[in-house]
Structure formats: structure tokens, C-alpha cells
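Descriptive analysis of the structure
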Amino acid sequence: MIVTETLPALTEGFARAATLLRDAQLVAFPTETVYGLGGDARSDLAVARIFEAKGRPRFNPLIVHVPDLQTAREFARFDTRAEAVAAAFWPGPLTLVLPLRAGSGLSPLVTADLDSVAIRVPAHPVAIALLRAFGGPLAAPSANPSGRISPTRPEHVLDGLQGRIAAVIDGGACAVGVESTILGLAEAPALLRPGGVPVEALEAALGIALPSGGNAHKPNAPGQLASHYAPHALVRLNATDRAAGEVRIGFGPEGPADLSLSHSGDLVEAAANLFHILRRADDLAGKAGRIAVAPIPEVGLGRAINDRLRRAAAPRP
Ligand code: AMP
Ligand code: MG
């Protein structure tokens with residue numbers, strides 16, 4: 001069990017936080033909305049650790065935090081509409097879902113392997129100072145255990161995540177206290193989540209009425225994910241053996257394996273490898289091929305891994 005450090009929102013605190021983040025560790029930090037649980041958005045291990053620390057039962061995509069619009073353009077493609085709302089509301093509690101830029105270098109765990117990315121520039125001097133000290137994008141969902149109330153003070157973060165994360169930066173209480181508004185612009189514009197920026201303000205800036213999510217934009221809705229996430233090959237789960245013609249993905253030392261999520265049976269390593277291994281297995285299996293996946297224990301990150309695997313194995317439309 002690690003001891004969570006409380007770091008001051010001063011130069012030495014940011015330097016320590018940046019060192020931890022470069023080591024794929026997690027640092028909670030204040031934004032104007034709530035405290036975020038930050039990890040290097042380019043590191044599979046760091047992002048897997050975010051899901052583990054929060055106990056999230058599902059690999060839903062996370063919001064990427066950057067210090068300015070120019071940096072955001074390195075990761076997402078901005079059209080005229082996206083440029084307009086970014087100019088009007090950033091820095092601020094508005095997240096944009098935009099097409100992912102090819103070669104962005106983001107971990108596929110951050111985007112749930114989608115071809116879109118959720119990104120924002122927070123309006124909090126401590127968040128900006130941390131992003132600049134670190135010099136990279138931070139994936140940061142709310143810094144609370146899954147299903148609990150979002151934290152707006154460092155004490156709240158420690159209540160839920162003490163011993164599960166490397167550090168929290170003490171930046172006092174958050175001003176907004178509700179999450180960012182999420183505007184989907186990867187496809188037809190849609191409000192994906194109400195939040196700190198009122199929808200009326202967005203509609204005024206865009207000059208259009210915004211339909212709410214609950215459509216194909218929302219990768220949270222389980223049914224819609226199944227086909228998006230499906231490999232070409234057919235997937236067989238809980239496979240303790242390998243049938244003729246199958247590519248088998250192993251976990252732990254047991255059984256025959258062409259690829260392995262984790263030779264040592266480490267669930268964090270397996271989560272970090274999951275999307276990469278599924279893609280490689282799909283390439284190896286070919287279009288009419290079959291993939292067999294070893295049993296993964298239904299505990300901790302194993303639940304999120306199994307959720308993702310069940311979607312991959314679900315019947316195709
Ligand atoms: P959180 O980081 O926990 O505040 O929430 C992230 C929210 O952003 C979730 O509701 C996601 O469904 C949404 N989101 C993140 N990335 C995407 C994406 N690429 N497409 C659509 N929604 C996204
Ligand atoms: Mg949350």
C-alpha cells in the first residue's frame with residue numbers, strides 16, 4: 001500500500017507531481033469543476049491505473065486535459081465550429097468530443113479505442129501549472145471511487161483514494177463543483193452531458209439547437225458499443241484451450257498462447273495491454289479468423305476487462 005502524498009500548489013509541489021506522472025503514477029489535482037485523478041494520457045500503464053484506483057467496472061473513455069488550445073490541436077482535429085466554441089469557452093468547463101488526430105500518441109485506453117477524443121482546457125491556475133510542469137496531456141476523470149460523489153476538496157480525494165494514488169495537490173476548494181459540459185462535435189453536434197457551461201450559451205455560440213446525447217455519440221450506452229468494439233474475428237471467451245485455427249490470448253502462465261495480456265497474471269498490465277493485444281490478435285487471425293481468450297478473474301480491473309471482452313464477443317448486427 002502506498003502512502004498518498006499531499007503536495008503544495010507551489011513550484012516544488014508541481015515538480016514532484018511531474019516526476020510522479022512521468023513514472024506513470026497518479027496525481028489528483030484541482031480543476032474549476034472537481035478534483036481530477038490525473039495520469040499521463042499517453043501511458044497505457046498510467047491510464048490502466050486510473051481505472052484500477054477508481055474501481056471502474058468499464059473502460060469508458062476519459063477526458064484529456066491540456067494547457068491550451070494549441071496543444072489540444074496536437075491530439076484532436078478542430079473544424080470551424082470546434083474552433084469557435086473553444087475560443088469562446090476555453091479555458092473553462094467545456095469538454096469537446098472531436099475526431100482523434102492520427103498519430104496522436106494517446107493511449108487507446110483513454111479513448112476506449114474510439115476514433116474520437118474528449119478534450120478540454122481547465123480554467124484553474126493549479127491545473128494549468130501542473131500541465132505545464134508535466135509537459136504532456138493528462139487523462140483525468142473525477143478523483144473519487146466509481147459510483148461515489150465527485151470530490152471538490154483535497155480531503156474528499158483522500159477520503160476515497162488514500163493509499164491508492166501517489167499524490168494529491170492541495171489547491172483548496174473547487175469553484176464550479178459540477179462536471180464539465182460535454183459537447184459532441186465528432187459527428188452531428190450534440191450535448192453529451194450537461195455541466196458547468198449552460199447549454200443555452202453553447203447554442204447561442206453555435207447558432208443551432210443542440211439535441212441531447214443518448215444516441216450513437218454516447219459510448220456509455222452498452223448496446224451501441226458492441227459493434228463499434230467488435231474485432232473482425234469471432235471471439236470465444238473463457239477458453240482454457242486453443243482449437244485448430246484459433247489465435248489464443250493468454251492470461252497468466254496457464255495454457256497455450258499466441259499473445260498474452262500478462263504472463264504473470266497481473267490485471268493492471270493486462271488492462272494496459274488489452275486494446276493493443278486485441279488488435280494484434282485480429283490482425284493475426286485474419287478476417288474469417290477466430291480468437292480465443294483465456295479466463296480473466298472477475299475482480300478489480302478484471303471486471304472492466306471482461307466487460308470489454310464480452311462486447312468483443314457479442315453477436316454482430
Ligand atoms: P469523466 O472523465 O468521468 O468526467 O467522464 C468522461 C465522459 O466523457 C464520459 O461520460 C464519456 O462517455 C465522455 N466521453 C469521453 N470520451 C468520449 C468520446 N470519445 N466520445 C464520446 N463521449 C466521450
Ligand atoms: Mg466522475
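See the structure shown above.
Residues numbered from 1 in each chain as written. Chains lettered and ligands numbered in written order. Predicted model: local features only at pLDDT ≥ 70, side-chain atom pairs only at ≥ 80, totals over all residues. Heavy atoms only, no water.

So, on to the overall build of the chain. Looking only at helices and strands, the chain has 11 helices and 14 strands in total. Taking 317 residues into account, the globule formula puts the C-alpha radius of gyration at 20 Å, and the chain, at 20 Å, falls close to it. Along the first, second and third principal axes, the C-alpha set of the chain runs to 60 × 50 × 30 Å. When the 317 residues of the chain are sorted by exposure, 54% land in the buried category. At a minimum sequence separation of 6, the contacts of the chain that also span at least 24 residues come to 65%. When the accessible surface of the chain is split by element, carbon and sulfur atoms take 53% of a total near 13300 Å². (Helix = DSSP H or I, 4+ residues; strand = E, 2+ residues; numbered from the N terminus. Rg over C-alpha atoms; globule rule 2.2 N^0.38 Å. Buried < 20%, exposed > 50% of the residue type's maximum accessible area, 1.4 Å probe, protein only. Contact = heavy atoms within 4.5 Å. Areas by Shrake-Rupley, 256 points an atom, 1.4 Å probe, with all protein chains shown as cover.)

Inspection of the entire model under this criterion finds three aromatic pairs. When the centroid spacing of 6.4 Å and the interplanar angle of 65° are considered together, the rings of Phe59 and Phe275 count as edge-to-face. With Phe59 in the loop between α2 (44-54) and β4 (63-65) and Phe275 in helix α10 (residues 267-285), this residue pair connects regions lying 216 residues apart in the sequence. Seen in terms of ring centroids, Phe78 and Trp90 are 6.0 Å apart; in terms of plane orientation they differ by 75°. Their pairing is edge-to-face. With a gap of 12 residues between them, Phe78 in the loop between α3 (69-75) and α4 (80-89) and Trp90 in the loop between α4 and β5 (94-99) connect regions that are remote in the sequence. Since its relative accessible area comes to 16%, Phe78 is described here as buried. Its relative accessible area of 10% is what places Trp90 among the buried residues. Each member of the aromatic cluster is reached from another via a ring pair, and the members are Phe51, Phe59 and Phe275. (Phe/Tyr/Trp six-rings, centres within 6.5 Å; stacked < 30°, edge-to-face > 60°.)

So, on to the environment of Gly255. Tracing the chain through its elements places Gly255 in the loop between β12 (246-250) and β13 (259-260). Since its relative accessible area comes to 46%, Gly255 is described here as partly exposed. Spatially, the C-alpha atom of Gly255 lies 59 Å from that of Ala204, the residues being 51 residues apart in sequence.

Moving on: the pattern of salt bridges. Summed over the entire model, instances satisfying the criterion amount to 12 salt bridges. Glu5 is the salt-bridge partner of Arg16, the closest N and O atoms lying 2.7 Å from each other. A residue pair is termed long-range when its members are at least 10 positions apart, and Arg16 in helix α1 (residues 11-22) and Glu5 in strand β1 (residues 5-8) qualify at 11 residues. In this structure, Arg236 and Asp241 form a salt bridge, with 3.2 Å as the shortest nitrogen-oxygen distance. Under the relative-accessibility criterion, Arg236 is labelled partly exposed at 31%. We classify Asp241 as partly exposed; its relative accessible area is 39%. (Salt bridge = Lys/Arg side-chain N within 4 Å of Asp/Glu carboxyl O.)

Before going further, it helps to examine the sheet that holds β4. The strand order β1-β8-β2-β3-β7-β4-β6-β5-β9-β10 describes an open sheet built from 10 strands, whose pairing is mixed. Looking at which strands have only one partner, the edges of the open sheet turn out to be β1 and β10 (190-193). Summarising the sheet, β5 and strand β9 (residues 181-184) pair through four bridges and their orientation is parallel. Pairing of Thr95 across the sheet is with Ile182, part of β9. (Pairing = 2+ DSSP bridges.)

Our next topic: the pairing of β12. The buried fraction of β12 is high, at five of five residues. The side-chain alternation of β12 yields two buried faces, one formed by Glu246, Arg248 and Gly250 and the other by Val247 and Ile249. Relative to strand β14 (residues 290-293), β12 is paired through four bridges, and the arrangement is parallel. Looking across to β14, one finds that Ile249 is bridged to Val293. Here two bridges tie β12 to β13, and the two strands are oriented parallel to one another. Paired with Gly250 across the strands is Ser260, a residue of β13.

These results come straight from atomic positions and should not be treated as a statement about function.
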